[in-house]
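# An overview of the molecular structure
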Amino acid sequence: MLKNGHHAPSDNGGEARERAAEKRKRAVRVWCDGCYDMVHYGHSNQLRQAKAMGDYLVVGVHTDEEIAKHKGPPVFTQEERYKMVRAIKWVDEIVEGAPYVTTLETLDKYNCDFCVHGDDITLTVDGKDTYEEVKRMERYRECRRTQGVSTTDLVGRMLLMTKAHHTNMDNSDYQQHADNFGKGPKGHSPWTGVSQFLQTSQKIIQFASGKEPLPGDTIIYVAGAFDLFHIGHVDFLETVFKQAERPYVIVGLHFDQEVNRYKGKNYPIMNIHERTLSVLACRYVSEVVIGAPYAVHSDLLDHFKVDLVCHGQTEVFPDKDGADPYAEPKKRGIFRIIDSENGLTTDDIVQRIIENRLLFEARNQKKEAKEMAVIEALKRREDEEKSQAAAHQ
């Protein structure tokens, strides 16, 4: 106390500033969780947005048992799903076997400040919101769901085996698919329903690394469809990445019509815009050539200053004129066949879906019905609140 009876001014302002500075120093840890079954660019975009809300992203992935109980059979095994999520470049850490219902206990266990989920809804087997507790305690943030894609939609494309999702093609077949897969018994769910994906330059910029190759980098080129970007692709790209000390991996993606020429049926399942984002989200990829020529010719090799061209164990289809598309890199002695020890192909995934067709159709309808029930309940609550407000006026 001072002589005149006044107290010395406290340094609370300084303490507050110190606490604020301390908080700034501490990394903001963000939690996401999900099935991440058939990981697509919608999942990647959710994780990109979540990472942008903090500094360190922890992703919980559910077990096969949990998914089967609440949703229906997953397409990929939990081991495959764990590896897929690890390969997404915005993910810092994954938690295997994360609980289906997100609790404060889980967030605290992994020192996460809050969890992030898309603006759709996730329900337990008995129709409860899996984020109810964290929402109530205000440790929940929302990001925008990516329009035009869902696992349900991709499964639908495989079951129908049409080509209408390709670019530059008539959309009547696809509209029929949207009507079948996006509608439940009593209406249309905004979460499961299908809307056409529209590519923008902004979206590509958000996904791209934006890094140019540096002097001393080994520029490695690979090309293909990379359709339904899956664990077989991840293992291949990881093996390619390990071919050099400082790799700069460029992926050439073929246009839809080119893929359809050599693969046939309704391939590719994902169109060129969708495949671009799926590949760009992979941590082993530095750059993507959209609509790469099928033959790896000298202009392409010289333009990108390619040091090494790799191809996996899958069959190399001849070019339109019957020529070997890898003739030039072979002539230069820079062609290498890579064995990733994973023989999984897009064909195998489609087979998994077709074998489980009835299970998947039932799963899609069940999910739709649960979502519609929630929408109806929310609408009823809204109508009740409106009528109560009107009665009080």
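Throughout what follows, the structure given in this document is the object of discussion. These numbers were taken from a predicted model, which means no experiment stands behind them. (Residues numbered from 1 in each chain as written. Predicted model: local features only at pLDDT ≥ 70, side-chain atom pairs only at ≥ 80, totals over all residues. Heavy atoms only, no water.)

Within a sheet, neighbouring strands are paired by backbone hydrogen bonds and run either parallel or antiparallel to one another. The parallel open sheet is built from 5 strands, whose spatial order is 3-2-1-4-5. Strands with a single pairing partner mark the edges of an open sheet, and in this sheet they are strand 3 (93–96) and strand 5 (140–143). On average, each strand axis in the sheet is inclined to that of its neighbour by 30°, with strand direction left out of account. As defined by bridge partners, strand 1 (residues 29–34) adjoins strand 4 (residues 114–118) across 2 bridges and the pair is classed as parallel. Residue pairing across strands places valine 30 opposite phenylalanine 114, the latter belonging to strand 4. Of the strands in this sheet, strand 1, strand 2 (56–61), strand 4 and strand 5 are in contact with helix 2 (residues 41–52), which crosses strand 2 at around 140°. (Pairing = 2+ DSSP bridges. Helix = DSSP H or I, 4+ residues; strand = E, 2+ residues; numbered from the N terminus. Axes fitted to C-alpha atoms, helices over the stretch in contact; angles between N-to-C directions. Contact = heavy atoms within 4.5 Å.)

Approximately 680 Å³ is the volume found for the largest pocket. For the lining of the largest pocket, the elements supplying multiple residues, two or more each, are strand 8 (218–224), helix 10 (231–241), helix 11 (256–263) and helix 15 (346–355). Ranked by residues supplied to the lining of the largest pocket, first place goes to helix 10 with 3 residues. Looking at the lining of the largest pocket, its residues break down into 12 nonpolar, 14 polar and 6 charged. (1 Å grid on protein atoms, 1.4 Å probe; cavity = no way out; pocket = protein on both sides within 12 Å on 5 of 7 lines; lining within 4 Å. Points joined across faces, edges and corners; volume = space filled by probe spheres on them. Nonpolar A, V, L, I, M, F, W, Y, C, P; charged D, E, K, R; others polar.)

Look at the link from tyrosine 267 to proline 268: it is a cis peptide, with omega at 0°. The backbone phi angle of phenylalanine 226 is positive, close to 45°, even though this residue is not glycine. Here phenylalanine 226 lies in the loop between strand 8 and helix 10. Owing to a relative accessible area of 6%, phenylalanine 226 belongs among the buried residues under this scheme. (Buried < 20%, exposed > 50% of the residue type's maximum accessible area, 1.4 Å probe, protein only.)

Overall, the coordinates contain 3 cavities of 30 Å³ or more when judged by the stated rule. Looking at the second largest cavity, the residues that line it are Val39, His40, Tyr41, Ser44, Met84, Ala87, Ile88, Phe229, Val234, Ser278, Ala281 and Cys282.

With that out of the way, let us pick up the side chain of arginine 29. Mapping arginine 29 onto the fold places it in strand 1. At 3.0 Å, the side chain of arginine 29 forms a polar contact with the backbone oxygen of tyrosine 110. Only 3.2 Å separates the side chain of arginine 29 from the backbone oxygen of asparagine 111, close enough to count as a polar contact. The residues touching arginine 29, leaving out its near neighbours within four places in the chain, are Tyr56, Val58, Glu93, Tyr110, Asn111, Cys112, Asp113 and Phe114. (Polar contact = N/O pair within 3.5 Å; in protein donor to acceptor, adjacent residues only side chain to side chain.)

Let's shift gears to the packing of helix 7 (residues 151–160) against helix 15. At a closest axis distance of 10 Å, the pairing of helix 7 and helix 15 adopts a crossing angle of 90°. With respect to helix 15, the axis of helix 7 lies roughly perpendicular. Counting all contacts with helix 7, which are made through Val155, Met158 and Leu159, the residues of helix 15 involved are Ile349, Val350 and Ile353. Across the contact of helix 7 with helix 15, the residue classes break down as 6 nonpolar, no polar and no charged. (Parallel < 35°, antiparallel > 145°, perpendicular 65-115°, else oblique.)

What follows covers the packing of aromatic side chains. For the structure on display, the rule yields 8 aromatic pairs. Ring plane angle 40° and centroid distance 4.9 Å describe the contact between tyrosine 326 and phenylalanine 335, whose orientation is recorded as tilted. In textbook terms, an aromatic cluster arises when at least three aromatic residues are bridged by ring pairs, as seen for Tyr262, Tyr294 and Phe317. Sitting over the face of the ring of phenylalanine 114, arginine 141 holds its NZ or CZ atom 4.2 Å from the ring centroid. Lying across the ring of tyrosine 267, lysine 263 places its NZ or CZ 4.7 Å from the centre. (Phe/Tyr/Trp six-rings, centres within 6.5 Å; stacked < 30°, edge-to-face > 60°. Lys NZ or Arg CZ within 6 Å of the ring centre and 35° of its normal.)

Ordered by their spatial adjacency, 5 strands build an open sheet running 10-9-8-11-12, and the pairing between neighbours is parallel. With partners counted over all chains shown, the strands left at the sheet margins are strand 10 (287–290) and strand 12 (335–337), one partner each. Neighbour-to-neighbour, the strand axes of this sheet turn through a mean angle of 25°, independent of strand direction. Looking at chain direction, strand 11 (residues 308–311) and strand 12 are connected through 3 bridges and run parallel. Within strand 12, the position partnered with histidine 311 by the bridge is isoleucine 337. Packed on one face of the sheet, helix 10 meets strand 8, strand 9 (247–253) and strand 11 and runs near 140° to strand 9.

Let us look at the side chain of glutamate 258. Note on placement: glutamate 258 falls in helix 11. Assessed through its relative accessible area of 15%, glutamate 258 is described here as buried. With sequence-adjacent residues up to four places away left out, glutamate 258 is seen in contact with Tyr294 and Lys320.

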